[in-house]
Amino acid sequence: MAASTGTLPDRAGPRTVLALPGFRRLLYQRFATQWGDGVFQAGLAGAVLFNPERAADALTIAGGFAALLLPYSLVGPFAGALLDRWDRRRVLVVANLLKSLAVVAAAAAVGLGADGPPLFTLALLVMGIARFAGAGVSAALPHVVPHERLVTANALAITIGAVIAVFGGGCAIGLRALLGAGDTGSAWTTSVAAVGAVLGAAIAARFARGSLGPDQVDEPARTLAAVATGLAAGAHAAIRVPSVLSGLVALLAHRAAFGISLLLSVLLLRYSFTDIGPLKAGLPGLGQLALMGGAGIVVAGVLTPRLVARFGRRRAVVGGLLVAALAQAGLGLPMTLPTVLLAAFVITSAGQLLKLCVDASIQRDVGDEARGRVFALYDTLFNVVQVAAVSFAALLAPLDGQSLGLLFTAIGLYLAGIAGYLAATR
């Protein structure tokens with residue numbers, strides 16, 4: 001059953017939310033899996049993008065991002081229906097155990113020198129399972145937290161979870177320095193991610209059966225029929241809720257702009273930038289970029305509940321898009337290592353504000369019987385748009401990443417997102 005709305009006072013903060021044992025357990029489960037995801041993504045990035053035994057151009061980098069981001073778009077139509085049909089506690093246990101096996105298989109492929117479609121297929125499998133389980137955690141949150149505290153709970157979970165993922169990436173970079181930057185060292189580094197998946201399954205197993213929902217099932221009697229209608233049902237449920245529809249418009253504009261910036265940043269770190277004192281290029285620079293993004297997520301997690309309470313969700317979202325556009329123009333366009341790192345902090349912080357607002361809208365305004373399908377649609381669109389933007393940029397970007405035209409395109413996407421969001425809220 002969902003948590004009672006009368007459990008917490010209106011002004012309850014993070015400490016009061018943390019006092020809920022179910023929320024703490026779900027939080028620990030999330031942390032374990034996100035740490036593993038951070039290790040896997042950084043290990044794979046090191047193996048594919050910054051491996052002295054391999055070469056990487058813009059299209060190879062785009063393929064790597066597709067392997068990390070696209071999988072849930074492939075399983076999204078299935079996941080939504082199943083999350084609103086299957087016991088979510090069982091989903092978390094089984095999915096994480098399967099992910100641990102897929103991680104080991106992907107690590108073995110790295111060690112054997114596999115690249116291209118074989119390696120990316122295994123990466124797709126790992127991240128597809130991770131996205132499926134992650135949507136299950138999001139759909140389960142209202143069962144352990146009162147509805148009026150969802151913004152605070154989301155901010156806390158997503159913020160600290162992102163920091164844990166960045167820490168996992170840092171662990172992978174450290175392990176790679178110890179074990180070697182070639183295929184063998186990258187394989188051992190990537191395999192460590194399986195520990196997070198196994199730990200996540202063990203924590204999820206401590207929940208009682210049925211305690212994470214769904215409470216009601218309005219799916220067809222046949223599983224295949226439920227799968228076939230999952231994406232359409234999620235879209236129908238999202239369109240009926242203006243707060244969800246407008247939030248998706250804003251967030252998708254951000255993901256498209258962010259995808260362009262991300263590809264250019266990786267190319268700049270790989271081929272253009274050189275070390276500037278403590279600021280590093282190459283894979284350590286990518287780690288610093290992730291660290292700045294993680295810091296931006298922390299700041300957004302602290303500020304978003306206060307900004308929404310003071311200015312309202314509509315102004316907060318518009319402000320987030322405007323700040324991202326200004327940061328892209330003022331910090332991204334110079335294309336220097338210090339300004340790119342600062343841009344990562346500001347833009348990621350603004351994007352996290354948008355995500356927190358959309359998550360809370362789905363959890364608050366969409367019924368439990370359809371919430372999993374809406375989250376599945378959300379993740380599907382989220383990743384398809386970013387992969388499309390990265391692929392688009394890869395076709396046009398020079399190898400050194402120096403492209404003013406693509407950065408102006410990203411700025412234009414943020415401004416278009418503001419216009420689309422305002423139109424959708426009307």
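Source: prediction; values computed, not measured. (Residues numbered from 1 in each chain as written. Predicted model: local features only at pLDDT ≥ 70, side-chain atom pairs only at ≥ 80, totals over all residues. Heavy atoms only, no water.)

**Student:** Hey, could you run me through the overall build of the chain in this one?
**Tutor:** Scanning the chain from terminus to terminus reveals 16 helices and zero strands. Here the chain holds 426 residues, and 56% of them are scored as buried. Within the chain, contacts between residues at least 6 apart in sequence are counted, and of these 86% link residues at least 24 apart. For the chain, the exposed area adds up to about 16,700 Å²; of that, 69% sits on carbon and sulfur atoms. (Helix = DSSP H or I, 4+ residues; strand = E, 2+ residues; numbered from the N terminus. Buried < 20%, exposed > 50% of the residue type's maximum accessible area, 1.4 Å probe, protein only. Contact = heavy atoms within 4.5 Å. Areas by Shrake-Rupley, 256 points an atom, 1.4 Å probe, with all protein chains shown as cover.)

**Student:** Quick question: what am I supposed to make of empty space enclosed by the protein here?
**Tutor:** One water molecule sets the probe size; rolling that probe over the atoms shows where empty space is left. Tallying each qualifying case throughout the model produces one cavity of 30 Å³ or more. As a volume, the largest cavity reaches approximately 40 Å³. In terms of lining, the largest cavity is formed by Phe23, Leu26, Leu27, Arg30, Val137, Leu141 and Ala157. Looking at which element gives the most residues to the lining of the largest cavity, the answer is helix α2 (residues 21–48), with four residues. For the lining of the largest cavity, the class distribution of residues is six nonpolar, no polar and one charged. (1 Å grid on protein atoms, 1.4 Å probe; cavity = no way out; pocket = protein on both sides within 12 Å on 5 of 7 lines; lining within 4 Å. Points joined across faces, edges and corners; volume = space filled by probe spheres on them. Nonpolar A, V, L, I, M, F, W, Y, C, P; charged D, E, K, R; others polar.)

**Student:** How should I be thinking about the packing of helix α11 (residues 242–272) against helix α16 (residues 404–425) in this particular structure?
**Tutor:** The axes of two packed helices give the description: the angle between them and the distance between them. For the pair α11 and α16, interaxial distance at closest approach is 7 Å and the crossing angle is 175 degrees. Classified by the angle their axes make, α11 and α16 are roughly antiparallel. Here α11 contributes Ser246, Gly247, Val249, Ala250, Ala253, His254, Ala256, Ala257, Phe258, Ile260, Ser261 and Leu264 to the contact with α16, which in turn contributes Leu406, Leu407, Thr409, Ala410, Leu413, Tyr414, Gly417, Gly420, Tyr421, Ala424 and Thr425. Taken together, the residues that form the contact of α11 with α16 break down as 15 nonpolar, eight polar and no charged. (Axes fitted to C-alpha atoms, helices over the stretch in contact; angles between N-to-C directions. Parallel < 35°, antiparallel > 145°, perpendicular 65-115°, else oblique.)

**Student:** Can you walk me through a nonpolar patch on the surface in this structure?
**Tutor:** Judged by side-chain polarity, Val163, Val298, Val299, Val302 and Leu303 come together as a nonpolar surface patch covering roughly 320 Å² of accessible area. The biggest single contributor to the nonpolar patch is helix α12 (residues 282–311), with four residues. Following the sequence through the fold, Leu303 ends up in helix α12. (Patch = residues over 30% accessible without salt bridge, like charges linked within 9 Å, V, L, I, M, F, W, Y side chains within 5 Å. Salt bridge = Lys/Arg side-chain N within 4 Å of Asp/Glu carboxyl O.)

**Student:** How should the pattern of salt bridges be read in this particular structure?
**Tutor:** Within this structure, the stated rule accounts for three salt bridges. One salt bridge connects Asp359 with Lys355, and the closest N-O pair in it is separated by 2.9 Å. Of this pair, Asp359 and Lys355 both sit in helix α14 (residues 337–365), four residues apart, roughly one helical turn. In this structure, Arg364 and Asp365 form a salt bridge, with 2.7 Å as the shortest nitrogen-oxygen distance.

**Student:** Hey, could you run me through the environment of Ala232 in this one?
**Tutor:** For Ala232, the location among the structural elements is in helix α10 (residues 223–239). In the structure, Ala232 is positioned 145 residues away from Leu377 in sequence and 8.7 Å away in space, judged by C-alpha atoms.

**Student:** How should the nonpolar core be read in this particular structure?
**Tutor:** One recurring pattern in soluble globular proteins is that nonpolar side chains are buried together. In terms of nonpolar packing, the biggest core is built from 68 residues, with Val244, Leu263, Ile362, Tyr378 and Tyr414 touching the most fellow members. For this core, the secondary structure elements donating two or more residues are α3 (58–69), α10, α11, α12, α13 (313–332), α14, α15 (368–396) and α16. By residue number, the principal contributor to this core is α11, which donates 15 residues. Setting aside residues no more than four positions away along its own chain, Ile362 makes contact with Val244, Arg371, Val374, Phe375 and Tyr378. (Core = buried A, V, L, I, M, F, W, Y, C linked by side-chain atoms within 4.5 Å.)

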